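If you want the building blocks of each chain, they are given just below.
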Amino acid sequence: MLKIIITIFVSVFSSLSLADELPSWREGATKNNIITFVESVTTPGDKNFVPINKRIAVFDNDGTLWSEKPYYFQLAFALDRLKELAPDNPEWQQDPILKAALEGDIKTLISGGKESLLKVIMLSHTGITTEEFNEIVIRWTSEARHPATKRLYIDMVYQPMLELLEYLRAKEFETWIVSGGGIDFMRAWSDKVYGIPPEQVIGSSIKTSYKIIDGIPTIIREPQIDFINDKSGKPVGIHKHIGIRPIAAFGNSDGDLEMLQWTTAGDGGRLGVIIHHTDAEREYAYDKNTHIGRLDKALTEASIKGWTVVNMKKDWGIIFPME
């Protein structure tokens, strides 16, 4: 009898401990799916057990780990940087796209498509050393604020996802960022904000070159695209930087579809998770009808592949740490 009581106590205590790992997640199927997967792949003897060296979880950044509305935060950085440089480049006022960017006319800028955005990125992100760029990004993240909430951009991270990152690392997972955002932009603050070191960040990149300047070896950021880590580029980036297929992937848009497909197509226990923005009061509500973070094909495939879809309004008790 005593043995039965002890067994029941241990079982209940373990369940409570697991629930406490993700306190901002409301009880329900979504939270249970995540915990069940993690416990399965980390329990020796379980049919889905995965050795520590293969416990890789990959996360998109924009819209998955932090907010992405009203437009990508790196675009906000690029616009602020462009304004800093504008006094020394008066000719920019003659370019309709750059003029729109300097005036904060996001609608016109986005309507120009990828070419317009790349023009702004090239002018605002290049022509300096990697050290200079890193310092500029760190300064910006310590000062720049979201236009709607007036909070620092780095405070617009999702508390439930911060808890999830900690939970996975406690279970000896490696947590990687795999984002369409700039790799050096994210590396400047990923450790401070997410606890993810710069060497575990995969992103889009521009070309760099090695030069000796005033006798000092430096790496210069050149105005050329090197790699776009989005859509089908994400599995390629994962292969290039990690070298093995992850066992868990988290995204929020069609840009993450191929990453989710690649991850969940492997053998053994696999987890695919989509963050669905459904809370217009506490954050934003959007999916198919948006230019930023469009979620259409991936949402459809989630129901076919059995991926877990997080309903932000229903599944998250709070969204931001300050709540």
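Procedures and definitions
- Residues numbered from 1 in each chain as written.
- Predicted model: local features only at pLDDT ≥ 70, side-chain atom pairs only at ≥ 80, totals over all residues.
- Heavy atoms only, no water.
- Helix = DSSP H or I, 4+ residues; strand = E, 2+ residues; numbered from the N terminus.
- Rg over C-alpha atoms; globule rule 2.2 N^0.38 Å.
- Buried < 20%, exposed > 50% of the residue type's maximum accessible area, 1.4 Å probe, protein only.
- Core = buried A, V, L, I, M, F, W, Y, C linked by side-chain atoms within 4.5 Å.
- Contact = heavy atoms within 4.5 Å.
- Expected span 1.5 Å × (residues − 1).
- Arc of directions from axis to C-beta.
- pLDDT = per-residue confidence, 0-100.
- Patch = residues over 30% accessible without salt bridge, like charges linked within 9 Å, V, L, I, M, F, W, Y side chains within 5 Å.
- Areas by Shrake-Rupley, 256 points an atom, 1.4 Å probe, with all protein chains shown as cover.
- Salt bridge = Lys/Arg side-chain N within 4 Å of Asp/Glu carboxyl O.
- Pairing = 2+ DSSP bridges.
- Axes fitted to C-alpha atoms, helices over the stretch in contact; angles between N-to-C directions.
- Phe/Tyr/Trp six-rings, centres within 6.5 Å; stacked < 30°, edge-to-face > 60°.
- Lys NZ or Arg CZ within 6 Å of the ring centre and 35° of its normal.

1. As for the overall build of the chain
Inference 1: Scanning the chain from N- to C-terminus turns up 14 helices and seven strands.
Inference 2: Against the globule reference of 20 Å for 323 residues, the chain gives a C-alpha radius of gyration of 21 Å, in line with a compact fold.
Inference 3: Taking the principal axes of its C-alpha atoms as reference, the chain extends roughly 85 × 45 × 35 Å.
Inference 4: Of all 323 residues assigned to the chain, the portion counted as buried reaches 49%.

2. Observations concerning the nonpolar core
Inference 1: By size, the foremost hydrophobic cluster in this structure holds 73 residues, and its most contacted members are Met 161, Leu 164, Tyr 194 and Phe 250.
Inference 2: Per-element tally for this core: the top contributor is helix α3 (residues 73-85), with seven residues.
Inference 3: Those residues within four positions of Phe 250 in sequence are excluded, and the remaining contacts are Ala 57, Val 58, Phe 59, Asp 60, Thr 64, Met 161, Leu 164, Leu 168, Met 259, Leu 271 and Val 273.
Inference 4: Ile 202, Leu 257, Ile 274 and Trp 307 belong to the second-largest nonpolar core, a separate cluster that totals 16 residues.

3. What about helix α7 (residues 130-143)?
Inference 1: With 14 residues, α7 ought to run about 20 Å at 1.5 Å a step, and its terminal C-alpha atoms sit 20 Å apart, in line with that.
Inference 2: Turning to α7, its buried residues number three or more, namely Phe 133, Ile 136, Val 137, Trp 140 and Thr 141. One side of α7 carries all its buried residues, which in axial view fall inside an arc of 130°. Facing away from the buried side of α7 by over 90 degrees, the exposed positions are Glu 135 and Glu 143.

4. Some remarks on the confidence of the model for the chain
Should the pLDDT be low somewhere, the predicted coordinates at that spot are not to be read in detail.
Inference 1: When pLDDT is averaged across the chain, the result is 94; 94% of the residues are at 70 or more.
Inference 2: Low pLDDT, under 50, characterises residues 1-19; the stretch is placed with five contacts to residues that sit more than four places away or in other chains.

5. Comments concerning a nonpolar patch on the surface
Inference 1: Taken together, the side chains of Tyr 210, Ile 212 and Ile 219 define a hydrophobic patch exposed on the protein surface, amounting to about 330 Å² of accessible area.
Inference 2: Residue placement: Tyr 210 occurs in strand β3 (residues 201-213).

6. Considering the environment of Gly 243
Inference 1: Inspection of the secondary structure assignment puts Gly 243 in the loop between α11 (233-241) and β5 (248-251).
Inference 2: Relative accessible area serves as the criterion here: at 44%, Gly 243 is assigned to the partly exposed category.
Inference 3: As for Gly 243 and Ser 232, which are separated by 11 residues in sequence, their C-alpha atoms are 16 Å apart.

7. Points about the sheet that holds strand β2 (residues 174-182)
Either a parallel or an antiparallel arrangement is found when strands of a sheet pair, and the pairing is made through backbone hydrogen bonds.
Inference 1: A sheet is described by the order of its strands in space; here seven strands give the open sequence β4-β3-β2-β1-β5-β6-β7, paired in mixed fashion. The sheet terminates laterally at β4 (216-227) and β7 (308-311), the two strands that pair on one side only. Neighbour-to-neighbour, the strand axes of this sheet turn through a mean angle of 30°, independent of strand direction.

8. Some words on the packing of aromatic side chains
Inference 1: Inspection of every chain in the model, using the stated rule, returns 14 aromatic pairs.
Inference 2: Judged by centre distance (5.9 Å) and plane angle (80°), the rings of Phe 185 and Trp 189 are edge-to-face.
Inference 3: On the basis of relative accessibility, which here comes to 2%, the residue Phe 185 falls in the buried class.
Inference 4: Directly above the aromatic system of Tyr 286 lies the positively charged group of Lys 69, at a separation of 4.4 Å from the ring centroid.
Inference 5: Over the face of the ring belonging to Phe 133 we find Arg 221, whose NZ or CZ atom lies 3.8 Å from the ring centre.

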